[in-house]
Amino acid sequence: MTYDLTFAKEVYENSEEGHWIKMCMQCGVCAGSCPLGFLGAWKHSPRQIFQMVRAGLRDEVLTSTDMWMCTSCYNCIVRCPRNLPITHIIHGLARYASVQGKADPKQPTHQFAKDIFWENIVATGRVGEAALTMKLYFKDGIGEGIKQGLEMKDSALGMLKAKRLKPLPFRGKIKGYPGFKAMLNKAFELENKKEGKA
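Quick summary incoming for the structure in this document. (Residues numbered from 1 in each chain as written. Predicted model: local features only at pLDDT ≥ 70, side-chain atom pairs only at ≥ 80, totals over all residues. Heavy atoms only, no water.)

## Section: helix H8 (residues 108-124)
For an α-helix, the turn length of 3.6 residues means that residues three or four places apart are oriented alike. Over its 17 residues, H8 extends 23 Å from the first C-alpha to the last, a length consistent with the 24 Å expected when each residue adds 1.5 Å. Taken as a whole, H8 carries its principal kink of about 35 degrees at Trp118. Three or more residues of H8 are buried, namely His110, Ile116, Asn120, Ile121, Val122 and Thr124. After H8 finishes, the residue Gly125 shows a positive phi value of roughly 90 degrees. (Helix = DSSP H or I, 4+ residues; strand = E, 2+ residues; numbered from the N terminus. Expected span 1.5 Å × (residues − 1). Bend = angle between axes of the 7 residues up to and from the residue. Buried < 20%, exposed > 50% of the residue type's maximum accessible area, 1.4 Å probe, protein only.)

## Overview of the packing of H8 against helix H12 (residues 177-194)
Two elements in contact, H8 and H12, have axes whose closest approach is 8 Å; the angle formed by their N-to-C orientations is 130 degrees. The angle between H8 and H12 places the two elements in the oblique class. Facing H8, whose interface residues are Trp118, Ile121, Val122, Ala123 and Thr124, H12 presents Tyr177, Phe180, Lys181, Leu184 and Phe188. For the contact of H8 with H12, the residue count by class is 8 nonpolar, 1 polar and 1 charged. (Axes fitted to C-alpha atoms, helices over the stretch in contact; angles between N-to-C directions. Parallel < 35°, antiparallel > 145°, perpendicular 65-115°, else oblique. Contact = heavy atoms within 4.5 Å. Nonpolar A, V, L, I, M, F, W, Y, C, P; charged D, E, K, R; others polar.)

## Structural notes on the pattern of salt bridges
Applying the stated criterion to the full structure yields 7 salt bridges. The shortest N-O distance in the salt bridge between Asp59 and Lys102 comes to 3.0 Å. Here Lys102 lies in the loop between helix H7 (86-99) and H8 and Asp59 lies in helix H5 (residues 58-62), a separation of 43 residues in the sequence. Classification of Asp59 as partly exposed rests on a relative accessible area of 41%. With a shortest N-O distance of 3.8 Å, Glu189 and Lys193 are connected by a salt bridge. In this pair, Glu189 and Lys193 are both assigned in helix H12, 4 residues apart and thus about one turn of the helix distant. Look at Lys193 and you get exposed, because its relative accessible area is 51%. (Salt bridge = Lys/Arg side-chain N within 4 Å of Asp/Glu carboxyl O.)

## Some details on empty space enclosed by the protein
To find leftover empty space, a probe the size of one water molecule is rolled over the atoms. Inspection of every chain in the model, using the stated rule, returns 2 cavities of 30 Å³ or more. Size it by volume and the largest cavity reaches roughly 200 Å³. What lines the largest cavity is a set of 21 residues, among which Cys34, Trp42, Pro46, Cys70 and Cys76 lie closest to the centre. For the lining of the largest cavity, the elements supplying multiple residues, two or more each, are helix H2 (29-33), helix H3 (35-38), helix H4 (46-54) and H7. Examining the composition of the lining of the largest cavity, we find that 3 residues originate from one element, H7, more than from any other. The calculated volume of the second largest cavity comes to roughly 90 Å³. (1 Å grid on protein atoms, 1.4 Å probe; cavity = no way out; pocket = protein on both sides within 12 Å on 5 of 7 lines; lining within 4 Å. Points joined across faces, edges and corners; volume = space filled by probe spheres on them.)

All we've got here are geometric facts, nothing functional implied.
This is how it looks when you write it as structure tokens:
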């Protein structure tokens, strides 16, 4: 594989924790540690994505769905012999792909992170499990939502019995919500300046 460090330098400078990629020695422990690898959920393991960054495969990396499959289990970080923050690098690459407009908006994990989970937090300052679940299940229509709800009814009832799920989907805003919102607005402002959108 021929090296072209143009894209690598771009990632090192602009992607959160991206500069750590240069420390990867391609041992493959991350790939062997990832539970999703055994399930065949991704085409490229973290080490392969890092190698693709070094090889200058910009479009292949930024349009990849592999980065969106990370569940933040941290097995890769715990086992990495170089102590690389692999989970954070992968999330940083996914975020950078989104900022660059390369991430597929219909990719389920991207759609969940951006349109469902994030909106849920911004609206109240907390994650309301019932509201989050309803939005996720009904994103493809009423019929699909009812179907998924029925498929998961046993899990939901078990969580209700164990008091791990609040049945009411609408919870009020957190105490100090105006301060939380001001913090988010400031973060957006700084991010937009960094990306040259201000």
